[in-house]
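Observations on the model geometry
This is what each chain is made of:
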Amino acid sequence: MSDVKLPLYGEMADPTPKISVRGLDFFYGDHQALFSNDIDIAPNRVTAVIGPSGCGKSTHLRVYNRIFELYREQRVKGAVLLNGENIFAPTVKLLDLRRRVGMIFQKPTPFPMSVFENVAYGIRLHYAVSKSELDGRVEEALKGAALWEEVRDLLNRPGTALSGGQQQRLCIARAIAVEPEVLLMDEPTSAIDPIATAKIEELVEGLKGKYTIVIVTHNMQQAARISDFTAFFFKGYIIEFGATKQIFTNPHNKKTEEYITGRFG
Amino acid sequence: MKKADNARRRETLDIAMRVVSGAASLIGIFFLGWILWTVARQGLAAFNIDFFTELPAPPGVEGGGLANAIAGTAIITLLATLMGVPLGLFTGVYLSEFGKSTRFGGMVRFTMNITMGVPSIIVGLFVYTLLVLPFKHFSAYAGAVALAIIMLPVVARTTEDMLNLVPNALRESALAIGMPRWRMIIAILFRAARSGLLTGILLAVARVSGETAPLLFTAMSSPYWMKGLAEPTANLTVTIFNYAMSPFDDWKQLAWGASLFIMATVLGVNILARTLLRERTK
Ligand SMILES: Nc1ncnc2c1ncn2[C@@H]1O[C@H](COP(=O)(O)OP(=O)(O)OP(=O)(O)O)[C@@H](O)[C@H]1O
Ligand SMILES: [Mg+2]
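Small disclaimer: the values here were computed from a predicted structure and weren't measured.

Glancing now at a nonpolar patch on the surface. All names here are of chain B. On the surface, a nonpolar cluster with roughly 610 Å² of combined accessible area is contributed by Ile 27, Phe 30, Phe 31, Trp 34 and Trp 37. Mapped onto the fold, Trp 34 is located in helix H1 (residues 2-46). Relative accessible area serves as the criterion here: at 47%, Trp 34 is assigned to the partly exposed category.

Encoded structure:
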C-alpha cells in the first residue's frame, strides 16, 4: 500500500501549502497507527479527511497541534511543516503553535465557566488587552462563529447551559478568538442534530476565507459539500488525495471508490 | 421429585439469607441509634452559655466550660487543614496528571494507601518523637502536623479520583487554545471538579476533627487559653478522654457535652459534603 504514489495538492492549486506533512509515522506505544503519511494542505481552503473507522484520521489531525504529546506513550516520526517550519523544531513555541493551530473536537467541550469567559480566556492568555478591547474581541469571535445573536443576552450564563449546537459554535468562537491560522475539526457535527449541523457547515463555508480548515468527517455528503480537497485514509495510509470533485466523481483508487460509494466503512 | 426438593431448598436459603442480612443491619442501626441517643441526651444537659464561653473550673468548683478546648480544636484543625489540604491536593494532581502510569506515581499511590491505613496513634507517636521530644514541650503545631499527616492521603486520593472523572476532551480543549498545562489544571480541571474536591476536603476535615490519639502525644491538653502555637493546647477530644475518666460528675458531664459538640459538627460537615456531591452528580 505504501507504494501508492500520491498526487500532492500543489498540482491543482496555490503552490505554497499551509501545512506539509512528510513521512509521518505515528505510534501508540508499540502499535503503529500511521504509516509514512505525505500530504499538503492548501491555504484558505477546506480539506476533508475521510476513511473508515480506525484508519487514523483523528490520529493524523492530532499531530498538527501536537496535542498527542499530552500522552506519554504516543510518538511520531517524520515532519510537519507549518508555513515551511517544522512544528517539531526546538525553536517552535508549543503554546504559540497551539494558538496558531486551533482544534474543534467531536463533542462540544465548553470550559466550566460563563459563555463570555469561555471566549475571553484564550484572548487574555495570549494578548494584553484592555477590558473594552476584550469585550470587542469576544463579540467579534462570537459573531465569527455565528453565535452572537443567540447569546448576546446570555453572556454570563455557564457555557454548558447552551444547546449542543450552540456549545459547538462556542468552541469555534473560543478557537478563532485567539486568531489562529489553521482550524482542525474532528467530526465537529457528529454529536449534534441536523439543523445545528447545517449551521456549522454554513459557518465552515464562511470561515475558509480567513482560515485553513482541515475537517474529519464520516459524512460523505458533508465532505462533498464543504471541502475543496479530500484525503482518503485507509489503515493508517493516505491512499488517495486530490480535489474533492475528482475524488467523488473519478477516484483513481479502487478502495476510495468502494468507500465513497458506501460499499464498506 | 428431586428437582422440587432443590427448589424448596433454594427458596429456604434465600429466605435465610434475607433474614440474616436484615438482622445484621438492624443490629448496626440499633447500636448507632443508641450511641446517638446517649450522646445527645447526656450532652444536651451539659450545654449552656458557660460551656461555650468559660474556662474549665478546678475540681470541686461548680460551673466552668470548655471554651478553650473548642478554640484549640478549631485552631489545630484549621492549621492541619492549611498544611494537609494543599499537600494532598497537589499530590492528587501529580497522581492523576503527571504520574499516572509512571513508576514513581505508582509508588506514591501505594504509599498513600498505606498511610491511610496506619493507625492514628502511630502517627501521633511519630510526631511526638519528631516535634515534641526534641523541643521538650507539647504544642499546637505538633498536633496540627499529626492531623495534617492523617488528612494528606485522604485528600490526595479523593483529588485523584475526582480529577480522573474529568474527561480528557476537556484537558485537550484547554491545551488546544495554547493554555499551559499548569493553568489548565488550576483554571479548568479544579473548576470542573470543584464540588468533588471540596467534598474530599470536608470529609478529611470531618475525619480528623474526631481524632484523639494523635493529639494525646502532641497537643496534649491545658486548662488555660492558648497563648501561642508552641505550648500544650486544650482540645475537645483529649478533654473528653481526660474528663470522662475523672471521678468528678461535672467533668463527666462536660465530656458528654464535648462529645455532642464534635458529633454535631462532624454531622454538619458530612451533610454539607454530601449536598455538594449531590449537586455535582446532578
Ligand atoms: N489512545 C490510543 N491508544 C492506542 N491505540 C489507539 C489510541 N487511539 C487510537 N488508537 C488506534 O489507532 C488507530 C487509529 O485510530 P483513530 O482514532 O485515529 O481512527 P479514526 O480514523 O479517527 O477513527 P474514527 O473514525 O472511529 O474516529 C486505530 O487502530 C485505533 O485503535
Ligand atoms: Mg476519529
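After that view of the structure, there is still more to cover.
Moving on: the packing of helix H4 (residues 103-117) of chain B against helix H6 (residues 140-165) of chain B. Residue and element names in this part refer to chain B. Closest axis-to-axis distance for the H4/H6 pair is 9 Å, and the angle between their directions is 130 degrees. The orientation of H4 with respect to H6, classified from their angle, is oblique. Between H4 and H6 lies a crossing of left-handed hand. In this structure, H4 uses Arg 109, Met 112, Asn 113, Thr 115 and Met 116 to contact H6, whose residues at the interface are Ile 149, Leu 152, Pro 153, Val 154, Ala 156, Arg 157 and Glu 160. Of the residues contributing to the contact of H4 with H6, the split by class is 7 nonpolar, 2 polar and 3 charged.

A few words now on the site of ligand 1. Residue and element names in this part refer to chain A. The environment of ligand 1 is formed by 14 residues, the closest being Ser 53, Lys 57, Ser 58, Thr 59 and His 218. Here Cys 55 contributes a backbone N or O atom positioned 3.3 Å from an oxygen atom of ligand 1. The fraction of the free accessible surface of ligand 1 (630 Å²) that becomes covered by protein chains is 62%. Of all the secondary-structure elements, those providing two or more residues to the shell around ligand 1 are strand E2 (31-41) and helix H1 (57-64). Among the elements that take part in the shell around ligand 1, H1 stands out by supplying 3 residues, more than any other. Class assignment for the residues of the shell around ligand 1 results in 4 nonpolar, 8 polar and 2 charged.

Moving on to the environment of Ile67(A). Tracing the backbone shows Ile67(A) in the loop between H1 and strand E4 (74-82). Between the C-alpha atom of Ile67(A) and that of Gly165(A), which follows or precedes it by 98 residues, the distance is 24 Å. Apart from residues lying up to four places away in sequence, Ile67(A) is in contact with Arg62(A), Arg98(A), Met103(A), Glu172(B), Leu175(B) and Ala176(B).

Moving on, we come to the side chain of Thr73(B). In this fold, Thr73(B) is placed in helix H3 (residues 67-98). On the basis of relative accessibility, which here comes to 15%, the residue Thr73(B) falls in the buried class.

Residue and element names in this part refer to chain A. Spatially, the 6 strands line up as an open sheet ordered E6-E7-E8-E3-E9-E10, and their pairing is mixed. Lying at the two open borders of the sheet, with one neighbouring strand each, are strand E6 (101-104) and strand E10 (237-243). Pairwise comparison of adjacent strand axes, ignoring direction, gives a mean angle of 15 degrees for this sheet. On top of the sheet, H1 reaches strand E3 (46-50), E6, strand E7 (182-186), strand E8 (212-216), strand E9 (229-234) and E10; it is set at about 155 degrees to E7, its chief contact.

With that settled, consider the confidence of the model for chain A. The predicted structure's coordinates, where accompanied by low pLDDT, should not be read in detail. Per-chain confidence: chain A averages 92 in pLDDT, with 94% of residues scoring 70 or above. Low confidence marks residues 1-7 of chain A, where pLDDT is under 50. Its contacts with residues over four positions away, or in another chain, come to 10 contacts.

Further remarks concern empty space enclosed by the protein. All names here are of chain B. Summed over the entire model, instances satisfying the criterion amount to 3 cavities of 30 Å³ or more. There is about 50 Å³ of room inside the largest cavity. For the lining of the largest cavity, the secondary structure elements donating two or more residues are H4, helix H5 (120-132) and H6. Of the residues contributing to the lining of the largest cavity, the split by class is 6 nonpolar, 2 polar and 1 charged.

Residues and elements named next belong to chain A. In spatial order, the strands read E2-E1-E4-E5; together these 4 strands make up an open sheet with antiparallel pairing. Bordering the open sheet on either side are E2 and strand E5 (85-86), each of which pairs with just one other strand. Strand direction decides the pairing type here: strand E1 (residues 19-28) and E2, joined by 7 bridges, are antiparallel. Within the sheet, the bridge partner assigned to Ser 20 lies in E2 and is Asp 40. Strands E1, E2 and E4 of the sheet are contacted by H1, whose axis makes an angle of about 120 degrees with E1.

Here the focus is the packing of aromatic side chains. Counted by the stated rule, this structure contains 19 aromatic pairs over all chains. The interplanar angle of 75 degrees and the centroid separation of 5.4 Å between the aromatic rings of Phe30(B) and Phe31(B) together place this pair among those described as edge-to-face. By relative accessible area, which is 44% here, Phe31(B) ends up partly exposed. Site record: aromatic cluster; members linked through ring pairs are Phe26(A), Tyr28(A), Phe68(A) and Phe88(A). The ring of Phe27(A) carries Arg75(A) above its face, with NZ or CZ at 4.8 Å from the centroid. Of note, Arg174(A) hangs over the ring of Phe111(A), and the distance from its end group to the ring centre comes to 4.0 Å.

Conventions used here
- Residues numbered from 1 in each chain as written.
- Chains lettered and ligands numbered in written order.
- Predicted model: local features only at pLDDT ≥ 70, side-chain atom pairs only at ≥ 80, totals over all residues.
- Heavy atoms only, no water.
- Patch = residues over 30% accessible without salt bridge, like charges linked within 9 Å, V, L, I, M, F, W, Y side chains within 5 Å.
- Areas by Shrake-Rupley, 256 points an atom, 1.4 Å probe, with all protein chains shown as cover.
- Salt bridge = Lys/Arg side-chain N within 4 Å of Asp/Glu carboxyl O.
- Helix = DSSP H or I, 4+ residues; strand = E, 2+ residues; numbered from the N terminus.
- Buried < 20%, exposed > 50% of the residue type's maximum accessible area, 1.4 Å probe, protein only.
- Axes fitted to C-alpha atoms, helices over the stretch in contact; angles between N-to-C directions.
- Parallel < 35°, antiparallel > 145°, perpendicular 65-115°, else oblique.
- Left-handed = near helix turned anticlockwise from the far one by under 90°.
- Contact = heavy atoms within 4.5 Å.
- Nonpolar A, V, L, I, M, F, W, Y, C, P; charged D, E, K, R; others polar.
- Near = heavy atom within 4 Å.
- Polar contact = N/O pair within 3.5 Å; in protein donor to acceptor, adjacent residues only side chain to side chain.
- Pairing = 2+ DSSP bridges.
- pLDDT = per-residue confidence, 0-100.
- 1 Å grid on protein atoms, 1.4 Å probe; cavity = no way out; pocket = protein on both sides within 12 Å on 5 of 7 lines; lining within 4 Å.
- Points joined across faces, edges and corners; volume = space filled by probe spheres on them.
- Phe/Tyr/Trp six-rings, centres within 6.5 Å; stacked < 30°, edge-to-face > 60°.
- Lys NZ or Arg CZ within 6 Å of the ring centre and 35° of its normal.

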